[in-house]
Every structure is written in structure tokens, then in C-alpha cells.
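Commentary on secondary and tertiary structure
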Amino acid sequence: MNTQKILVTGGAGYIGSVLIGQLLHAGHEVRTVDNLSFGDDSLSAYMQNEKFELVVGDITNKDVCKKVVESVDSIVHLAAIVGDPACKQQPERATSVNRDGSRNILSAAQDVHIKRFVFASTCSNYGKMSDPDGYVDETTALKPISLYAELKVEFETILMNLKHTSIVPICLRFATAYGLSPRIRLDLTVNEFTKELALGRNLEIYGEQFWRPYCHTTDIARAIILVLKADEKIVSHKAFNVGDTNENYQKKTIIDLILKELPEAKNKVSYVAKEEDPRDYRVNFDEIKKSLSFEIEKRVPDGIKEYIDLIKSGTIIDPDSSTYKNV
Ligand SMILES: NC(=O)c1ccc[n+]([C@@H]2O[C@H](COP(=O)([O-])OP(=O)(O)OC[C@H]3O[C@@H](n4cnc5c(N)ncnc54)[C@H](O)[C@@H]3O)[C@@H](O)[C@H]2O)c1
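As the structure is a computational prediction, the values presented were derived from the model and not from experiment. (Residues numbered from 1 in each chain as written. Predicted model: local features only at pLDDT ≥ 70, side-chain atom pairs only at ≥ 80, totals over all residues.)

**Remarks on the overall build of the protein chain**
Heads up, the rule is: Think of it this way: any DSSP run of H or I at least four residues long counts as a helix, any run of E at least two long counts as a strand, and we number them from the N terminus. The globule rule is 2.2 Å times the number of residues to the power 0.38, and the radius of gyration it is compared with is taken over C-alpha atoms. Comment: burial labels come from other C-beta atoms within 10 Å of the residue's own C-beta, placed from the backbone, where a count of 20 or more is buried, 12 or fewer is exposed, and between is partly exposed. Residue pairs are scored as contacts if the distance between their C-beta atoms, which are placed from the backbone, is within 7 Å.
When you go through the protein chain residue by residue, the secondary structure sums to 11 helices and 12 strands. The C-alpha atoms of the protein chain give 19 Å as radius of gyration, which agrees with the globular expectation for 327 residues (20 Å, within 12%). On the principal axes, the C-alpha backbone points of the protein chain span a range of 60 × 45 × 40 Å. Across the 327 residues of the protein chain, 45% fall into the buried class. In the protein chain, once contacts between residues fewer than 6 apart in sequence are set aside, the share between residues at least 24 apart is 81%.

**Description of the site of the ligand**
This is how it is decided: Only the C-beta atom, placed from the backbone, is used; a residue is near a molecule or strand if that atom lies within 6 Å of it. Residues are grouped as follows: Ala, Val, Leu, Ile, Met, Phe, Trp, Tyr, Cys and Pro are nonpolar; Asp, Glu, Lys and Arg are charged; every other residue, Gly included, is polar.
Taken together, 29 residues are adjacent to the ligand, and G10, G13, Y14, S37 and A177 come closest. Going through the elements one at a time, β2 (29–34), α4 (91–112), β5 (116–122) and β7 (176–178) are the ones with two or more residues in the shell around the ligand. Split by residue class, the shell around the ligand holds 16 nonpolar, 10 polar and three charged.

**Comments concerning the packing of helix α6 (residues 189–198) against helix α11 (residues 300–312)**
Test applied: All axes here are fitted lines through C-alpha atoms, helices being fitted over the stretch that makes contact, and every angle between N-to-C directions spans 0 to 180 degrees. Orientation is classified from the angle alone, with under 35 degrees giving roughly parallel, over 145 giving roughly antiparallel, 65 to 115 giving roughly perpendicular, and any other angle giving oblique. Less than a right angle of anticlockwise turn of the near helix away from the far helix marks a crossing as left-handed, whereas a clockwise turn marks it as right-handed.
Contact pair α6 / α11: the axes reach a minimum separation of 9 Å and the direction vectors enclose 45°. Put simply, α6 runs oblique to α11. Remark: the crossing between α6 and α11 carries right-handed chirality. Contacts between α6 and α11 involve V190, N191, T194, K195 and A198 on the former and, on the latter, V300, G303, I304, Y307, I308, I311 and K312.

**Here's the deal with α11**
At 3.6 residues per turn, the α-helix brings residues three or four places apart onto the same side. The condition is simple: Multiplying 1.5 Å by the residue count of a helix minus one yields the expected span of that helix. Directions from the helix axis toward the C-beta atoms define the arc.
Look at α11: 18 Å from first C-alpha to last across 13 residues, which is about the 18 Å you get at 1.5 Å a residue. Taken as a whole, α11 has its buried residues at V300, G303, I304 and Y307. One face of α11 carries all of its buried residues, which in axial projection span an arc of 105°. Buried residues along α11 sit in contact with β7, α6, β9 (211–216), β11 (248–250) and α9 (251–261). One or two positions beyond α11, positive phi appears at G314, with a value near 75°.

**Focus: unusual backbone geometry**
With a phi angle near 55°, L36 is a residue other than glycine that sits in the positive phi range. Here L36 shows up in the loop between β2 and β3 (52–56). Of note, H237 is a non-glycine position whose phi angle comes to about 55°, a positive value. Locating H237 in the fold gives a position in the loop between α8 (232–235) and β10 (238–242).

If you want it as C-alpha cells, here you go:
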């Protein structure tokens, strides 16, 4: 793709700050709008780049949305209250940002005729698998079992039904992310488990048999860039799962992979029964591989090593700081 001017909403976040680095590296101009819920440290490496622009603002404000879509070619919409726990904790704010804020950005985008609108959705939309031995894919009916996923499904539906528009709408259902980023998150499964065990703490695991797919932040960002430049006929009005079929893991397997690196933590793990997070899904990612030749470059063990190094190096002064968590 020729270089474009791209608006990334939520660019200061875990995925956004990785994506911005990749977009700038590829020569694009990037504007981000973010209300900086977790600060702006994640953007410090880009602030001096003349192709980068930060607009501090909130997508629930229609005037902000109108302003930030001006003169952009494409939009990657990441800004949200992210995750089941965060949406459960503040349902009104989640609805306001994830429903109304998303509609504001889309409506502003329609007024200025942007080319592509890429929406960050989630594999959480699949909910609990009906066939415990099977896999879900893009043709499987969505069964959201949380406010977070309900709001994602609702906006996906709006986008996929966009008619009489020159915009190419694309939904990407990311696997649960892990890995490094300018905005570290220590509340996501792989990162959190690794952190606790690398700190020598006891770790209680519930739902150890539950399956979930995982994908590295850099691979998620690569997938976003891929759909920004892919043939319109292949991606328009389509939803793609983003990840790799071989990267579905039960929580127990993730623990085993961490213990391979940290054998001294063997007695620190206990498994408990608790029905807190019933999401259980194994996802098939063949579609993005087949249609767009997408291949991941990192696997969960790579992320585990990254977080062991991060924690053991002492770079993070207070690993329990709320900066690294969404709740
Ligand atoms: N991290 C994952 O595992 C994962 C998995 C599936 C989908 N996703 C989706 O990817 C996107 C990015 O997730 P993330 O992990 O980077 O989350 P994040 O919380 O790190 O980033 C979200 C960013 O959005 C900003 N933001 C929140 N509300 C805003 C508002 N009203 N106006 C402007 N900015 C606002 C925050 O300040 C933050 O910088 C989200 O849409 C999320 O639902 C993430």
C-alpha cells in the first residue's frame, strides 16, 4: 500500500502503541486519539517523529471525533473499555465508550469518506464452545456471555451491515494478547501468570482446563497492517479471527510452559475450583492464513521468556501498580 494517513483510536494502549511503531516504521503518517487512561509514557518514543500526532481526547465526544477523522485515509479503532472485568466494573462507562464512542467515530468517518475502517473485536465473542472437542471459526454463531463481548458483537453487526458506503469495513477478532509493548499489561493470562511466578509468588489457578487462543502484540499489529493493504474484495465486510490454530492453550499448559523456564516455582501453583470466567473456546484461524497468507512470528513460549526477562531485570519498579492493569 502507498503510505497513508492513519487514525488509530486508543493508540496509547497495549496493542495501539505497538501498532503505531509498526505503522511509522512502514512510513505511514499516524494520528492517534486517546484519553490517556493509562498515561502517555507508551507514546514517548514517537513524540519527536514528525509523522506522528497525538490528540488527547475522548471518543464519547462527537466534536473530538469529527476533528480527528479530518484528512485521514483509514481508521483502526482500538479505543475501548477493554476486557470482561473492566466492563463489568463500570458498565455505564463501558456502554458509553464501546457503543456510543464507536458509533461516533464511525459516523464521523462516514462524513469524510475514509477508505478503510478496521475494528478491534475479540474471540471472546464466541463465548463457551458447545462442542468441547471442536473449534469455532468465523462461521460459528457468536454467543457473547459478557457485556464486553455483547458490545463488540453489537458494533460488529453495525459495521458488517454498512451499505451504500465507499468505506471498506473489516472486523478483526483478536485472540487474547500477550507479549511486550510500550504499554505493559500485567493483567492478561500469559503475562500475569509469568509475572507472579517470576516474582516467586504463590499462584492460584481456576478453570485450568479451559481453552483460549493467544497471540503476540506484534503479530496482532502485523495482522492489522495486512488488512489495511489487502485487496478490498478479500477483506470488505469480513470478520477474521487473528491468531494461529496451534496457539490455543488450556491454562494448565501455559503454567507448564512457564514452569519449564522457572522450575523453582513448581510448588507455588495450586489449582482451585471457581466458576468465575466461564469462557472456553478453541479457535480456528485458517481463514486469515488462507485469504491473506498471515503467519504468526511468535508463540506463547516467546512471550513467557519476554516477561521473565522483563520482571527479573527489575525494569518494572512496581509490578503491582494499577498502571499495568485495566481494572
Ligand atoms: N488485549 C487483548 O487481549 C485484546 C484481545 C481482543 C481484543 N482486544 C481489543 O483491542 C483493542 C485494544 O486493546 P488493548 O489491550 O490495547 O487495551 P488498552 O486498554 O491497553 O488500550 C485501550 C486504549 O484506549 C484508550 N481509551 C479508552 N477509552 C477511551 C475513550 N473514551 N476515548 C479515547 N481513548 C480511550 C485508553 O486510554 C487506552 O490507551 C480494544 O478494542 C480491545 O477490546 C484486545
